[in-house]
Amino acid sequence: MTQISDRQQLEDKVKDLREQLREHNFRYYIKDDPTVSDGAYDTLFHTLRKLEEEYPQLITSDSPTQRVGAQPIEGFTQVTHRLPMLSLGNVFNDEELNDFDRRVRDRLESEAIVEYTCEPKIDGLAVSLLYVDGLLTLASTRGDGSVGENITENVRTIGSIPLQLRGQGYPKELEVRGEVFMSKQGFSSLNKRALANSEKVFVNARNAAAGSLRQLDPRMTAKRPLDIFCYSVGYVDGELPNTQSEILAQLQEWGLKTNPEVKTAMGPKECTAYYLDILNRRDELGYEIDGVVYKVNSLTLQNKLGFVSRAPRWATSHKFPAQEETTRLLDVEFQVGRTGAITPVARLEPVLVGGVTVSNATLHNMDEVERMDVRVGDTVMVYRAGDVIPKVVKVILDKRAEGAKRIVMPSVCPVCESPIEKPEGEAVARCSGGLICKAQSKEAIKHFASRRAMDVDGLGDKLVEQLVDTGKISNVAGLFELSAEQLASMDRMGAKSAENLVVALEKSKMTTLPRFLFALGIREVGEATALNLANFYGDLAAIQVANEESLLEVPDVGPIVARYLKLFFAQPHNVEVVEQLQQSGVHWPAIDVVTNQDKPLEGQVFVLTGSLIKMTRNEAKAQLQQLGAKVSGSVSKKTHCVVAGDAAGSKLKKAQDLGVDVIDENELEKLLARYNA
Ligand code: I6G
């Protein structure tokens, strides 16, 4: 760096790096069309960071290196909006939409068809972003519409919000309004992790986004998968186009993210067509919406129409049927999962939620039951989204009836009557019956046959249940004893399907050791751990007899996994089943352990994202590859681990969405040190 002696040259270089990084962010977040690899982005980021470390006087707040503040803040200060953040009126059906359009035309004293812009109404949090001379200067919540909270430090951590507008011609002051939200998958993996760690779960994606924006420590917000769609402007000191659709296009050019579903519609009929189309595709959208918004496209007409009380006359939202409804909790039953986990399930007075009748919903676990203080007879709020199992999210305490009955976890399994155990500190209670329990057997067999395990084509859940209920099989080994005749005698099974299933079972016998290990359904042994075990020991017999000390040497195997492995193979019944399976012809190719000890990460797919501080991404990549890992550029279900550096963006989000392991730079360092020692 010291070769750059000339100060001007140095400043130019820093400026150029920032511009390049901004442009790449724009391509990545806004256009969804990156033009450089992560590695190339990283190199630029590092060069900039190194220069800034060497010349701290060159650091500016809009530098792409300056997203996450170092210190938590003490509280949120209040911000008075220069122009109030209004609310929107609602319509719920075609008739009300026609009335809205009628009022618009009456007020404009025109019978001409009105052009509207249509966009999804995101179920998130309205925020205001103030850009002064293109710099993000202030971000605030809507609050009561007049006064909100200053959440600038947290908003700066959201990768899709530019710290500096791109291009030229933006107004001297530009207040942009939008909705910050958490994607459906981001929300789901956040809650999964919270459940696993016995932490508080969020009721819905909106609350999760709100909770994330209200963190006092911006480093916490930075870890949450937040995103934004900008939908309009507030205070503007400068020129803007004269229609809503052109304003959105212009905001995008300046680097602000707008919704790709925005369209224009001529009159209410086309608006309804848009509404139906979005309603139809609601579950496919990666984020929660609660309706669509129509706005008169022309700003001239908007100005003529003005406002009524605190809502514009030129816009309305067209609400979808609710996805949350209240109903009565009639009873609670306890379901038993593959590992014996007992889930309380609510039996409800049937209720229509978002167009679907719901009569059962999950209550997760007893900690949740206690946290919500839910009782039989209570009026509860039920939430349903897409194909996901509906859940009870809240009790309406005001409506609690006199005799509402507390929910008590049974002491024995409702299926096999073995004792239920709940170890201290764990959120989940379990049936101790193991494979004696029919419920556990059914789930174990379903898991064994599943696509990522033994991959038995054509063995559906219902069939497994029938096979166990009729006593045809009691464990996974029984699957390979089934004849085509036995299968053909099951409900809804023809001779042809039965034959196909026998062929599929035969085909599945040729597998791999990692798949087989995973298929056994040993607690905490997921695909990645199964792969590590297979690579470390090379064969099943060695794993079966490995002691705890040895198991702890396997990458990513800690005391808990080691204990479950020991427990599993200590049970004669399990060993017997494994032997039966091998005798039936289940087999796999041998693994060369010698090679794999040199390459302990063989078969593991890593993705590096965000900026690393202590090493470049290329260095990290080379070291991982040396240990046998494959380093891929994109996250998918096949990814084993994502290394997330600073300002990690959509790849981190995707990893969280898919439930892929995420480690930070420190953990990566430890991992590399373990093998390189
Ligand atoms: O709350 C809102 C959500 C979405 C809005 C809104 C919007 O446009 C897509 N637009 C306005 C003008 C207002 N609230 C006041």
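Along each chain, the written sequence defines residue order, and numbers are assigned to residues from 1. Restriction of local features to residues with pLDDT of at least 70 applies here, the model being predicted, together with a cutoff of 80 or more for giving and counting side-chain atom pairs; totals for whole chains, interfaces and linings are based on all residues. With hydrogens and water set aside, each side-chain value is computed from the structure's full complement of heavy atoms.

A. How the structure looks around the overall build of the protein. Labels follow the DSSP assignment, with helices taken as runs of H or I lasting at least four residues and strands as runs of E lasting at least two, numbered in each case from the N terminus. Across its full length, the protein carries 25 helices and 26 strands. In terms of overall dimensions, the protein is globule-like: its C-alpha atoms have a radius of gyration of 29 Å, near the 26 Å expected for 677 residues. Across its three principal directions, the C-alpha atoms of the protein cover 80 × 75 × 50 Å. Note on classification: 1.4 Å probe, protein chains only; a residue is buried when its accessible area is under 20% of the maximum for its type, exposed when over 50%, partly exposed between these limits. Counting every position in the protein, which comprises 677 residues, the buried fraction comes to 50%. Note on contacts: a residue pair qualifies if any of its non-hydrogen atoms lie within 4.5 Å across the two residues. Counting only contacts in the protein whose residues sit at least 6 apart along the sequence, the fraction spanning at least 24 positions is 68%. For the protein, the accessible surface area stands at approximately 32200 Å², while carbon and sulfur atoms represent 50% of it. Where the 81 positive side-chain charges of the protein centre and where its 95 negative ones centre are 2 Å apart. Here the globule rule is a power law, 2.2 Å times the number of residues to the power 0.38, and the radius of gyration is based on C-alpha atoms. For every accessible area listed, the method is Shrake-Rupley and the probe measures 1.4 Å; residues are considered covered only by the protein chains on display. The charge count treats Lys and Arg as positive and Asp and Glu as negative. His and the chain ends do not count. Lys charges are placed at NZ, Arg charges at CZ, Asp charges at CG and Glu charges at CD.

B. Spotlight on the sheet that holds strand β24 (residues 630-632). The pairing criterion is simple: DSSP has to find at least two bridges between the two strands. Spatially, 4 strands are ordered β24-β23-β25-β26 in an open sheet, and the strand pairing comes out parallel. This sheet does not close on itself; its edge strands, each paired only once, are β24 and β26 (661-663). Strand-to-strand twist in this sheet, taken as the mean axis angle between neighbours without regard to direction, amounts to 30°. Sheet analysis places strand β23 (residues 605-609) next to strand β25 (residues 641-644), joined by 4 bridges and oriented parallel. Paired with Leu-608 across the two strands is Val-643, which belongs to β25. Helix α23 (residues 617-626) contacts β23 and β24 of the sheet and is inclined by roughly 170° relative to β23. Every axis corresponds to a line fitted to the C-alpha atoms, with the helix fit spanning only the stretch in contact, and the corresponding angles, defined between N-to-C directions, vary from 0 to 180 degrees.

C. Layout of the side chain of Arg-375. On the secondary structure map, Arg-375 appears in strand β17 (residues 375-376). Excluding residues within four positions of it along the chain, Arg-375 makes contact with Leu-329, Arg-400, Ala-404, Lys-405, Arg-406 and Ile-407.

D. Spatial organisation of empty space enclosed by the protein. Of the grid points, spaced at 1 Å and generated over the protein atoms alone, those admitting a 1.4 Å probe that cannot get out make up cavities, while open sets with protein on both sides within 12 Å along at least five of seven lines make up pockets; any residue with an atom within 4 Å of a point is treated as lining. Grid points are joined across faces, edges and corners, and a volume is the space filled by probe spheres set on the points. Applying the stated criterion to the full structure yields 1 cavity of 30 Å³ or more. The volume enclosed by the largest cavity comes to roughly 160 Å³. The nonpolar class holds Ala, Val, Leu, Ile, Met, Phe, Trp, Tyr, Cys and Pro. Asp, Glu, Lys and Arg form the charged class, and all remaining residues, Gly among them, are polar. Across the lining of the largest cavity, the residue classes tally to 9 nonpolar, 5 polar and 4 charged.

E. Structural context of the pairing of strand β19 (residues 391-395). Counted residue by residue, β19 has 4 buried out of 5 residues, so it is predominantly covered. Pairing geometry for strand β18 (residues 379-383) and β19, over 4 bridges, is antiparallel. In the sheet register, Met-381 faces β19, and the bridge partner there is Lys-394.

F. Examining the packing of aromatic side chains more closely. Each Phe, Tyr or Trp ring (for Trp, its six-membered ring) is paired with any other whose centre lies within 6.5 Å, and the angle between the two planes then decides the class: stacked below 30 degrees, edge-to-face above 60, tilted in between. Counted by the stated rule, this structure contains 13 aromatic pairs. The interplanar angle of 25° and the centroid separation of 6.3 Å between the aromatic rings of Tyr-41 and Phe-45 together place this pair among those described as stacked. Here the residue Tyr-41 and the residue Phe-45 both occupy positions in helix α2 (residues 38-54), the gap between them amounting to 4 residues, near one helical turn. Exposure remark for Tyr-41: the relative accessible area of 17% places this residue in the buried category. Ring centres of Phe-536 and Tyr-537 lie 4.9 Å apart, and the angle between their planes is 75°; this geometry places the pair in the edge-to-face category. Each member of the aromatic cluster is reached from another via a ring pair, and the members are Phe-181, Phe-229 and Tyr-287.

Coordinates in, geometry out; function isn't part of it.
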